[in-house]
Amino acid sequence: MSKETNRFLAPAGQKIKLKDYSTHYNGDLGKKVGKATLASVKEKLSNHQETLYAENSHSVLIIFQAMDAAGKDSAISHVMSGLNPQGCQVFSFKTPNANEYAHDFLWRHYLALPQRGRIGIHNRSHYENVLVCKVHPEYILNERIPGYEDVKKVDKNFWKARYESIRNFEKQLTENGTIILKFFLYVSEEEQKVRFLDRINDLSKNWKFSSADIAERALWKDYMVAYEDAITETSTKNAPWYIIPADKKWFARLTISQILEETFKGMKLKYPVLPAEEMEKLEGYKKKLMGEE
């Protein structure tokens, strides 16, 4: 990991304070240079994806979490634009339905995991269960967990156990060949306001705005605490969190792509090498084809 991208890593085992991270950092890059660099990185990602598919021993799970209007959708679309859609599986998680509530909170996320050789992108994820649900603990009651029929019982021990469940879930995945990268797009409260107003003022963006966005914005401080706790408890060596400055969308996209490219490079993926007898057969097929009139 380069020094530049390592600055966004949430170190494992350390208490995270978001005030120590910037929402507007851009590395002294200009937007024009940043976009040109992004185009170059996308080309490398495409090559890595092909090798990932050919080797067929690992999968990659990319998780995006953020406050509303932080740019998750656009970040995903830009990352995807450099990849082959046939090798990607994208899921956007909404409020659980009745069938999902009938299972444990990780069940639907197991079903959405990428196959070997593929890249899975989760727009929101199992972390909603320690973010939105921590700000709104009454949502836990919908899970009908024995012993938690009253919101007052959803205490520190409950959250401690839930963080442990998530760590164990991700540990099991990484031990079986899934590379996990978790991105928190860290947007400022001021920039969110600008983007909300843009959605209201631009007729083509009205559909993106919801009155619920304003209600959640009023709980900004609570959400920041929830994010700090979740990142502190679940950023591990094998499933790290990256806190990405998101006030400048172009820089967030570039940084995410660079971290992905560096991760792929570190995996040292290789194309499969055929056994000697298969190589001999290929030579035979080659001679036959070359001999055709």
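Remember, predicted model here, so these are calculated numbers, not experimental data.

(A) Looking closely at the overall build of the chain. Across its full length, the chain holds 12 helices and 6 strands. Its C-alpha atoms put the chain at 80 × 50 × 40 Å along the principal axes. Across the 293 residues of the chain, 45% fall into the buried class. Nonlocal contacts in the chain, meaning residues at least 24 apart in sequence, comprise 80% of its contacts between residues at least 6 apart. When the accessible surface of the chain is split by element, carbon and sulfur atoms take 52% of a total near 16300 Å².

(B) Structural view of the pattern of salt bridges. Using the criterion set out here, one finds 13 salt bridges in the structure. For the salt bridge of lysine 15 with aspartate 229, the shortest nitrogen-to-oxygen distance reads 3.3 Å. Of this pair, lysine 15 sits in the loop between strand E1 (9–10) and helix H2 (31–55) while aspartate 229 sits in helix H10 (residues 220–234), placing them 214 residues apart in sequence. Looking at aspartate 229, the relative accessible area reads 18%, which means it is buried. Its salt-bridge partner being aspartate 229, residue lysine 134 comes within 3.0 Å of it at the nearest N-O pair. Separated by 95 residues along the polypeptide, lysine 134 in helix H6 (residues 132–135) and aspartate 229 in helix H10 bring together distant segments of the chain. Taken together, the salt bridges that share partners define one network made up of Lys15, Lys134 and Asp229.

(C) The arrangement of the pairing of strand E6 (residues 241–245) in detail. Taking burial as the measure, the 5 residues of E6 include 5 buried ones, the bulk of the element. Going residue by residue along E6, you find Trp241, Ile243 and Pro245 tucked away on one face and Tyr242 and Ile244 tucked away on the opposite face as well. By the bridge criterion, 2 bridges tie E1 to E6 in an arrangement that is antiparallel. Bridge assignment links alanine 10 to a residue of E6, and that residue is tryptophan 241. The sheet contact formed by strand E5 (residues 178–186) and E6 spans 5 bridges and is parallel. Across the sheet, the residue bridging to phenylalanine 183 is tyrosine 242, located in E6.

(D) The arrangement of unusual backbone geometry in detail. Although it is not a glycine, arginine 124 sits at a positive phi angle of roughly 70 degrees. Summarising the element assignment, arginine 124 is placed in the loop between strand E4 (119–123) and H6. According to the relative accessible area criterion, arginine 124 is buried, its value standing at 18%. Look at lysine 268: it is not a glycine, yet its phi comes out positive at around 55 degrees. Within the secondary structure layout, lysine 268 lies in the loop between helix H11 (249–267) and helix H12 (276–290).

(E) Expanded view of H10. Taking 1.5 Å of rise per residue, 15 residues should cover 21 Å, and H10 covers 21 Å from first to last C-alpha, within 8% of that figure. Across the 15 residues of H10, 11 count as buried, placing the element largely inside the fold. Within the sequence span of H10, burial applies to Trp220, Tyr223, Met224, Ala226, Tyr227, Glu228, Asp229, Ala230, Ile231, Thr232 and Thr234.

(F) Layout of the side chain of glutamine 89. Take glutamine 89: it is sitting in strand E3 (residues 88–92). Glutamine 89 sits in the buried class, given a relative accessible area of 17%. Ignoring any residue separated from it by four or fewer positions in sequence, one finds glutamine 89 in contact with Leu113, Pro114, Gln115, Arg118, Ile119, Gly120 and Ile121.

(G) Looking closely at the side chain of glutamate 261. Residue position: glutamate 261 is located in helix H11. Buried charge without a partner: glutamate 261 forms no salt bridge, and the closest opposite charge is lysine 44, 5.0 Å away. Each residue touching glutamate 261, except ones within four places of it in the same chain, is listed here: Val41, Lys44, Leu45 and His48.

Thresholds, definitions, all that
- Residues numbered from 1 in each chain as written.
- Predicted model: local features only at pLDDT ≥ 70, side-chain atom pairs only at ≥ 80, totals over all residues.
- Heavy atoms only, no water.
- Helix = DSSP H or I, 4+ residues; strand = E, 2+ residues; numbered from the N terminus.
- Buried < 20%, exposed > 50% of the residue type's maximum accessible area, 1.4 Å probe, protein only.
- Contact = heavy atoms within 4.5 Å.
- Areas by Shrake-Rupley, 256 points an atom, 1.4 Å probe, with all protein chains shown as cover.
- Salt bridge = Lys/Arg side-chain N within 4 Å of Asp/Glu carboxyl O.
- Pairing = 2+ DSSP bridges.
- Expected span 1.5 Å × (residues − 1).
- Lys, Arg positive; Asp, Glu negative; His and termini not counted.

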